[in-house]
Every structure is written in structure tokens, then in C-alpha cells.
Amino acid sequence: MEADKKKLALNIVSSKVNHKGFGAGAIDLSNVSSIIIDGDEAYVDEGALHAKSKIEKGIKFSTNKEDVPNGRKAWIVWVAVDRTEEGAYYAGLTACEMLVDTEARRGWKILAEHVNKMDAAMKRKFILDGLEDGERSALKKRLIEHNEEWWNRTDQGLKDALS
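Residues numbered from 1 in each chain as written. Predicted model: local features only at pLDDT ≥ 70, side-chain atom pairs only at ≥ 80, totals over all residues. Heavy atoms only, no water.

A.B. asks: So what exactly am I meant to see when it comes to the pairing of strand 6 (residues 72-84) here?
C.D. replies: Side-chain direction in a regular strand flips from residue to residue, so the side chains alternate between the two faces of the sheet. With seven bridges connecting them, strand 3 (residues 32-38) and strand 6 associate as antiparallel partners. When the sheet's bridge partners are listed, Ser33 is paired in strand 6 with Val79. One ladder, built from 13 bridges, connects strand 6 with strand 7 (residues 87-101); its direction is antiparallel. Looking at the pairing, Ala74 lines up with Met98 of strand 7. From the end of strand 6 to the start of strand 7, which pair antiparallel, there are two residues. (Pairing = 2+ DSSP bridges. Helix = DSSP H or I, 4+ residues; strand = E, 2+ residues; numbered from the N terminus.)

A.B. asks: What exactly am I supposed to notice about the pattern of salt bridges here?
C.D. replies: Opposite charge on two side chains permits them to pair, given that their charged atoms come into close proximity. The tally for this structure, following the rule as stated, stands at eight salt bridges. Of the charged contacts in the structure, one is a salt bridge between Lys73 and Glu132, with a shortest N-O distance of 3.1 Å. Pair noted here: Lys73 is in strand 6 and Glu132 is in the loop between strand 9 (126-127) and helix 2 (133-146), with a separation of 59 residues, a long-range link. On the basis of relative accessible area, Lys73 is assigned to the partly exposed category, the value being 26%. For Glu113, the salt bridge identified is with Lys117, shortest N-O distance 3.1 Å. With a gap of four residues between them, Glu113 and Lys117 both fall in helix 1 (residues 111-122), about one helical turn apart. Classification of Glu113 as partly exposed rests on a relative accessible area of 26%. Via salt bridges that share partners, Lys141, Arg142 and Glu145 belong to a single interconnected network. (Salt bridge = Lys/Arg side-chain N within 4 Å of Asp/Glu carboxyl O. Buried < 20%, exposed > 50% of the residue type's maximum accessible area, 1.4 Å probe, protein only.)

A.B. asks: I would appreciate a short explanation of the nonpolar core in the present structure.
C.D. replies: Taken as a class, soluble globular proteins show a tendency for nonpolar side chains to be buried jointly. Membership of the largest hydrophobic core comes to 19 residues, with the highest contact counts inside it found for Leu93, Leu139 and Leu143. Only strand 3, strand 6, strand 7 and helix 2 provide two or more residues apiece to this core. Counting residues in hydrophobic clusters, the runner-up holds 15 residues, among them Ile76, Trp78, Val100 and Ala121. (Core = buried A, V, L, I, M, F, W, Y, C linked by side-chain atoms within 4.5 Å.)

Read these as spatial facts, not as claims about activity.
Set out below in C-alpha cells:
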């Protein structure tokens, strides 16, 4: 009898499908993506949505920074895209720090912060605290290279934050 009961779970849904019924989802990640900043390189990595980006694979994460004394700083940037009559644009961007020691297969990140920052990006906020000039430059370059038209329609506040 218990096996027949539907379980309440967090559903990730797409706005392209009409979801109905018990536990129908409330989070639409179809317009959210992630960019990894590793040093001065920035690249799109969809795996980060499920904590399986290239940089995270095979790493055992801790919530204690002292567990990763030789970690290099990297960032996951959550990117939300929205659309107006003129077209799509970058609507929300938030950056989450993490440390990664690839050789020791150890890392540091605060999962709750990553979830909260993803939520903030989906709510069309810009939170880029902690990014250094080279990291901001790499992020700006990646956004423009990904879609310059989206960049041109993006809020001037974000453009200024990345300049």
C-alpha cells in the first residue's frame, strides 16, 4: 500500500510542458544555466545544475575550508535568461565561490549558498561579490561570445558590474 502512494518531491519542470497532478513542479530551470570560472577561463557547463560539472566530478566536498589547504578558487555563476518583445537577455547572474584541489580530490563549497544564489539569479538579481577583475573579465567575455545580442539587451547595471 505504501509503495502505491505518491511521494511529495521537488520537481524540476519545463515551461514547454503542461504539468498536472499531485506534486506538480514549481521550479522552472529551462532558462537557467551555469558558467564555471576557473582562473581566467570561463566556460558553460550545464552539469553544475546537478553538481556534476567538469570541475566538480570526482571531488569530495566539505563545508570546512581548512580541509582544502591547497585548493584553487573557482566559481559557479548561475545565469538566468529572460525574454522581452525585443528578444532574450541576461536577466540574473549570481556567483558562488568554491575551492578545488584536483590532485587530492577534495573541495570546499557551501551547498546552501549555491542553491540560494541559483534562486536569486532566477529572481533576476545580480550578485557578483568576490569576483576579481580577471574573473569578471572572463565572465563578460564568455557572455558576449555566447550571444552578443543577449548581451546588448542586458541591463546596464550588469554591464557596469562586469566592466
